[in-house]
Amino acid sequence: MAKLTQLIDNDVFRAYATYTTIVLLKMMLMSLITAYFRITRKAFANPEDTASFGKGESAKKYLRTDPDVERVRRGHLNDLENIVPFLGIGLLYALSGPELSTALLHFRIFVGARIVHTFAYLIPLPQPGRGLSWAVAYAVTISMAYKVLKTALYL
């Protein structure tokens, strides 16, 4: 079994760790953006979140949905649906022994596509920008999964 120090010395694993950290930080940023939109639009999901705006009936008007908040939330949900599979498949891919240049291409394209997807969601950019950025990142994850299965298929 490989020691942790051996993994850290592996360039592909270091690349995976780098790009995973970037995409996870981007996903964490979506939480802050959601909070920003909730506060600036005064649209909250929980009664306790409205406490600073009054009590009782006066606070209830802030328990509502807002199209901008919901848009950010959908972008964040899309991150969860796509980044989590990348984390697992990307790790298996990194451990499957790919060439560094090929791994970097996969990781960079995925992270770039997810960043473009976020901007396309938040600005919003016209379609097919958001759809294409989603498809590119999804295809990268599928490509890595194919490589893992091709390399380590054990049925």
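Thresholds applied
- Residues numbered from 1 in each chain as written.
- Predicted model: local features only at pLDDT ≥ 70, side-chain atom pairs only at ≥ 80, totals over all residues.
- Heavy atoms only, no water.
- Helix = DSSP H or I, 4+ residues; strand = E, 2+ residues; numbered from the N terminus.
- Rg over C-alpha atoms; globule rule 2.2 N^0.38 Å.
- Buried < 20%, exposed > 50% of the residue type's maximum accessible area, 1.4 Å probe, protein only.
- Areas by Shrake-Rupley, 256 points an atom, 1.4 Å probe, with all protein chains shown as cover.
- Lys, Arg positive; Asp, Glu negative; His and termini not counted.
- Charge placed at Lys NZ, Arg CZ, Asp CG, Glu CD.
- Salt bridge = Lys/Arg side-chain N within 4 Å of Asp/Glu carboxyl O.
- Expected span 1.5 Å × (residues − 1).
- Contact = heavy atoms within 4.5 Å.

### Here we look at the overall build of the protein chain
When you go through the protein chain residue by residue, the secondary structure sums to six helices and zero strands. Secondary structure elements of the protein chain, listed N to C terminal, follow the sequence α-α-α-α-α-α. In terms of C-alpha radius of gyration, the protein chain reaches 20 Å, well past the compact-globule figure of 15 Å for 155 residues. Viewed in the frame of its principal axes, the protein chain has a C-alpha envelope of about 60 × 40 × 30 Å. Counting every position in the protein chain, which comprises 155 residues, the buried fraction comes to 35%. Accessible surface for the protein chain amounts to roughly 9,600 Å². Of this, 67% is attributable to carbon and sulfur atoms. Of the charged side chains in the protein chain, 18 are positive and 11 negative, and the gap between their average positions amounts to 2 Å.

### Quick word on the pattern of salt bridges
Enumeration according to the criterion identifies six salt bridges in this entry. Where R41 meets D68, a salt bridge forms, and the shortest distance between an N and an O atom there is 2.9 Å. Placement of R41 in helix α2 (residues 11-41) and of D68 in helix α4 (residues 67-95) is noted, with a sequence separation of 27 residues between them. Residue R41 is classed as partly exposed on the basis of its relative accessible area of 27%. Looking at D68, the relative accessible area reads 33%, which means it is partly exposed. Of the charged contacts in the structure, one is a salt bridge between R64 and D66, with a shortest N-O distance of 3.8 Å. Among the residues examined, D66 registers a relative accessible area of 10% and is labelled buried. The network of salt bridges with shared partners includes K26, D79 and R114.

### Regarding helix α6 (residues 129-152)
Helix length check: α6 (24 residues) gives 35 Å between terminal C-alpha atoms against 34 Å at 1.5 Å per residue, within 8%. All buried positions along α6 are accounted for by S133, A137, V140, T141, M144, A145 and V148. On its buried face, α6 is in contact with α4 and α5 (100-122).

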